[in-house]
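Chain and residue survey
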Amino acid sequence: MTEHSEDTSSDSKVDAWAIFFLILIVVSTAVFWVSHQ
């Protein structure tokens, strides 16, 4: 369990992509919803 020193960089990259993707979905949904009002 203690020896995952190399996994932290890939994990943070995955987290960053997940956050980016969530923001993208939220923004696109908001734009779609506003444009169809």
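The preceding data block contains the structure.
What you see is a predicted model, and the numbers here were worked out from it, not measured in a lab.

Below, the discussion takes up the packing of aromatic side chains. On inspection of all chains with the given rule, the structure shows 1 aromatic pair. Ring centres of Trp17 and Phe20 lie 5.6 Å apart, and the angle between their planes is 90°; on these two criteria the pair is classed as edge-to-face. In this pair, Trp17 and Phe20 both sit in helix α1 (residues 7-35), 3 residues apart, roughly one turn of the helix. Given the relative accessible area of 56%, Trp17 is considered exposed. According to the relative accessible area criterion, Phe20 is partly exposed, its value standing at 45%.

Thresholds, definitions, all that
Residues numbered from 1 in each chain as written. Predicted model: local features only at pLDDT ≥ 70, side-chain atom pairs only at ≥ 80, totals over all residues. Heavy atoms only, no water. Phe/Tyr/Trp six-rings, centres within 6.5 Å; stacked < 30°, edge-to-face > 60°. Helix = DSSP H or I, 4+ residues; strand = E, 2+ residues; numbered from the N terminus. Buried < 20%, exposed > 50% of the residue type's maximum accessible area, 1.4 Å probe, protein only.

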